[in-house]
Each structure stands twice: as C-alpha cells, then as structure tokens.
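A closer look at the structure
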Amino acid sequence: MSSHRFLTGITPSGTPHLGNYVGSIRPSVQASQRADVQSFYFLADYHALIKIDDPARIQRSTLEIAASWLAAGLDPQRVTFYRQSDVPEIPELTWLLTCVTSKGLLNRAHAYKAAVDQNTAAQQEPDANVNAGLFMYPVLMAADILMFNAHQVPVGRDQVQHIEMARDIAQRFNHLYGEHFTLPEAAIEESVATLPGLDGRKMSKSYDNHIALFAPRAQLKKLVGGIVTDSRAPGEAKETEGSALFQIYQAFASADETAALRQAYADGIGWAEAKQMLFERIDREISPMRERYTELMAAPAKIEEILLAGATKARAIAGPFTAELRRAVGLRDLRSVATSKSPVKTAKTALPLFKQYREADGKFCFKLTEPGGRVLLQSLGFDSPREAAAAIQLLQREGQSALVKLKTCLQPQEGIGAQDIEAALQQLAAAG
Ligand code: TRP
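Throughout what follows, the structure given in this document is the object of discussion. Small disclaimer: the values here were computed from a predicted structure and weren't measured.

Reading guide: rules and limits
- Residues numbered from 1 in each chain as written.
- Predicted model: local features only at pLDDT ≥ 70, side-chain atom pairs only at ≥ 80, totals over all residues.
- Heavy atoms only, no water.
- Axes fitted to C-alpha atoms, helices over the stretch in contact; angles between N-to-C directions.
- Helix = DSSP H or I, 4+ residues; strand = E, 2+ residues; numbered from the N terminus.
- Parallel < 35°, antiparallel > 145°, perpendicular 65-115°, else oblique.
- Left-handed = near helix turned anticlockwise from the far one by under 90°.
- Contact = heavy atoms within 4.5 Å.
- Nonpolar A, V, L, I, M, F, W, Y, C, P; charged D, E, K, R; others polar.
- Buried < 20%, exposed > 50% of the residue type's maximum accessible area, 1.4 Å probe, protein only.
- Pairing = 2+ DSSP bridges.
- Right-handed = clockwise from strand over helix to strand, strands pointing away.
- Near = heavy atom within 4 Å.
- Areas by Shrake-Rupley, 256 points an atom, 1.4 Å probe, with all protein chains shown as cover.
- Phe/Tyr/Trp six-rings, centres within 6.5 Å; stacked < 30°, edge-to-face > 60°.
- Lys NZ or Arg CZ within 6 Å of the ring centre and 35° of its normal.

Let's talk about the packing of helix α10 (residues 244-252) against helix α11 (residues 255-266)
Two measures define how a pair of helices packs: the angle their axes make with one another and the distance between the axes. Remark: α10 packs on α11, axes separated minimally by 9 Å, with the N-to-C direction vectors making an angle of 160°. Classed by the angle they form, the pair α10 and α11 counts as roughly antiparallel. Relative to α11, the crossing made by α10 is right-handed. Facing Leu245, Phe246, Tyr249 and Gln250 of α10, the residues of α11 in contact are Glu257, Thr258, Leu261, Arg262 and Tyr265. When grouped by side-chain class, the residues that make up the contact of α10 with α11 number five nonpolar, two polar and two charged.

Here it is in structure tokens:
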C-alpha cells in the first residue's frame, strides 16, 4: 500500500508552455508512476478566480491544462485527478480553517505584501485593487492540501511560504480540536532547472517569452527560430554558458546528446543549425503527446468525464473526512445532544443559580436557588445593582467566610443551613 501522499495544484490561468512541462508536468507524471506514492493532481479553478474575471478563459484553460496533463501521460486510474470546484468539501474546509487562522498570518503572505508594497510605492491606498480572495489565497490552498492529508507538496520556491502557512494552520486546528491533519512539507525539486524563454529570462507567460507546449510543428519551428543568440558567425566557437538555446536543449536531451552539442558549440556550429537541432529534439519528445493532445482537445466531453470520475474518487475521501471535522468543531447532529448523558452536561443543568432582581421598593436584591427552585440565600435590598453584584462576587470568591461578612445583608431561610449554602457555592466554583 502506498502511504506517501503527494499533492499538486495547477491554476488554470493560461496555456501550458515548455517551462511548465519541464518544471512541473514531466517530473510530476514521472513521480506519479512510482509505486510507493499516492498522488493527487487537481485544477485549482477556485484559485484562478482570484486573478481572472474572464469566464471563457478559465474554462478554456481548464480544458487545455487537463488535456496537457493527460497527453503527457498522467494516468487517471493511478492517480486522483480532479477539478477543485467539483469538491465542495474544499470551500467548506476553507471556512473551518479561516476561523483558526490569524489575520496577521495572512498579512505576512508574500503575494499580499507585494501588492501592498506596490500600491504604497505608487502612493495609492495599501489595499487598492486587492480583492479578499487574494488575501485568503493561503487558506484556500491550505484546505486543498489538508483535505487529503498530503505529506509532500511539490512546488516552486515561490510557493514554499504557502506550504508553511498550511502547516501553521493545521497545527492550530490540531491544537484546538485534536490531531486531524497531517503537517505537509514542501518538496522543492532542486534538480529541475527553470527553463529560459525566448529572450533568455525565465520562461513565463507574464514575460511573453514562452513557447506553447503543444504549438503545431510549424509554429514550434518558428518560435525556436526566435530564441536570442549572439552575433557569432558559423565557424566561430560559441559559449554554452548563458546560451538559452543550449539550456533548453539540455532540458530535453540525454547526457550524450548534450555533450555532443557542447562539442558542436566549440567547433563553431552555426546558430541556424543549432536551432534546427533543438527544434528536432523538442519535437521528438513532444510530437506523440501533441497527437494525443489534439485528440483530447477535440473530445471535451471525455475530459469532463475523466475529471468527474476523479472528483468522485476525491470526494470518497473528502466527504467522510469533512463529516469528522464538522463533528470536531461542533457542527453536529442535534439528536446527539438529547441522548447524551455526559457528566459535564448533567452538571451544567443541575447548577445552583444566583439571580439579581429589583424589588417593588426600588431596592436591588439577589437570591441563590437550587436547580429545583429551593431558595438557599436571600439578600436584603441594596441601594445599587453594583452593591448587589459585589456581594455575589464576594460569596463566589470566599464561600462560607463571606456569609459571616454579609450577615447583615442576608435573610435567614427556613430549614437551610450554612453547609447547604457552602455546598452550592462549591458546586458553582467547580463548574467555573
Ligand atoms: N498556488 C499554486 C500555484 O499558483 C496552485 C495551487 C493551489 C496549489 N492549491 C494548491 C499547489 C495546493 C499545491 C498545493 O501554482
């Protein structure tokens, strides 16, 4: 049985590019094939709502990303592959966690702080254009992770703080309500280099320097042709250091192939020829997947079906776990109260009671009664409610010795001894 659980969320906010493939899709699909690991992959579409208000784009991206993962070899039979918004237990857990999360913790989240810093620098209100979703982002992410009690969450460096927050939140919940959650850890893939983009900076949608993962062959060729190189002519030796072309090649090639290109650089390979090599090498790995991708994109109903089946699998875990958590925090079936004979409960209903009231003459009095209604103590009238309350406090604090001090303010009750009063006061003290 696999006991180690991995979980990864992918926000559907765009079209996957080669950087996503090398940095996330490929290593995750490989990891999912390990026998000792139980993997959860999901499309974090609730997260996408935080930054995207274009419904068609979210739908399109969800389809593209799901198709990409499946085309890259993710096996939905082996792993649990689902869409976040198909698991309503996740937003429910988000609320339970929200209520144990300190606002200060969220104030310190990098993404939120960056938005505030940017506003401050632009001399705007600190929270200008910050929606509450961005602020709550770490709690939703904690719910994603804690719901499945993931041990490890493979993420990039930018997400490490979020995993730490999920741990903090889990610890707080466990402290209050018992050990329900596994404390997750970030699994940072040191060996996975970030892929440079066309301009040599990190490949990213926001830099507009990316190569779409499943760009058609002709387009892929064209994009590879646009990778920045220096102006060295064919025949001149080239530097591998700092060459985006070389780094991208390395991400796809074997050690031998990489060594061969290194040699070709030294021997003065022309850039056009090097680009042709890179294009061929990428296409060799990608083209079988591209075919599957094209097929899948043409069959959205099939992808929908796969995701719904994944959600059923996910909810088989999330449903019972949520029921356990609801019970833990006190969102419970009321019938269990009626039949409960817990000692705490009995003690509570059977407690004596101090009652303050005002007499017809305008004076303020109190009495102490037993649960059955028998009066144990009856005060004379005080001029103010404060004095009556002070006398009650004295009795609660000092018990029998207060009886002596308050003698002149109390009326003796027929058949009630000091020990009856003392017993009642002790009972009250014990109940806190
Ligand atoms: N925040 C992640 C990102 O932007 C996506 C994500 C949402 C996630 N929930 C998660 C990742 C849970 C790991 C675990 O990349």
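Section: the pairing of strand β1 (residues 4-10)
β1 sits mainly inside the fold: five of its seven residues count as buried. By the bridge criterion, seven bridges tie β1 to strand β2 (residues 37-43) in an arrangement that is parallel. Pairing of His4 across the sheet is with Val37, part of β2. Handedness of the crossover joining β1 and β2 through helix α1 (residues 18-32): right-handed.

Looking at the site of the ligand
As a matter of local geometry, the ligand sits amid Leu7, Gly9, Thr11, Phe42, Ala44, His47, Tyr137, Met141, Asp144, Ile145, Val153 and Gln159. Burial of the ligand by the protein amounts to 87% of the accessible area it has alone, namely 360 Å². Elements with a minimum of two residues in the shell around the ligand: β1 and α7 (132-147). Per element, the largest residue contribution to the shell around the ligand is four residues, and it comes from α7. Partitioning the shell around the ligand into residue classes produces seven nonpolar, four polar and one charged.

Some points on the sheet that holds strand β6 (residues 353-358)
On the basis of which strands lie adjacent, the open sheet formed by four strands has the order β6-β7-β8-β9 and antiparallel pairing. On the outer flanks of this sheet lie β6 and β9 (410-411), each paired with one strand and no other. Two strands pair when backbone bridges link them, and β6 and strand β7 (residues 364-369) are joined in this way by six bridges, in the antiparallel orientation. Among the inter-strand pairings, Gln356 is bridged to a residue of β7, identified as Phe366. Each of β6, β7 and β8 (375-379) touches helix α16 (residues 385-398); the most contacted strand, β6, lies at about 165° to it.

Describing the environment of Gly310
If you trace the backbone, Gly310 turns up in helix α13 (residues 300-329). Residue Gly310 is classed as buried on the basis of its relative accessible area of 5%. Beyond its immediate sequence surroundings of up to four residues, Gly310 is in contact with Thr80, Phe81 and Tyr82.

Quick notes on the packing of aromatic side chains
In this structure the tally under the stated criterion is 14 aromatic pairs. With centroids separated by 5.5 Å and ring planes inclined at 70°, the aromatic side chains of Phe246 and Tyr265 adopt a geometry described as edge-to-face. Pair noted here: Phe246 is in helix α10 and Tyr265 is in helix α11, with a separation of 19 residues, a long-range link. Residue classification places Phe246 among the buried positions, given a relative accessible area of 3%. By way of ring pairs, the aromatic residues Phe40, Phe42, Tyr82 and Phe148 are connected into one cluster. Above the ring of Phe252, the side-chain terminus of Arg26 is found at 5.4 Å from the ring centroid. Over the ring of Tyr207 we find Arg201; its NZ or CZ atom is 4.1 Å from the centre of that ring.

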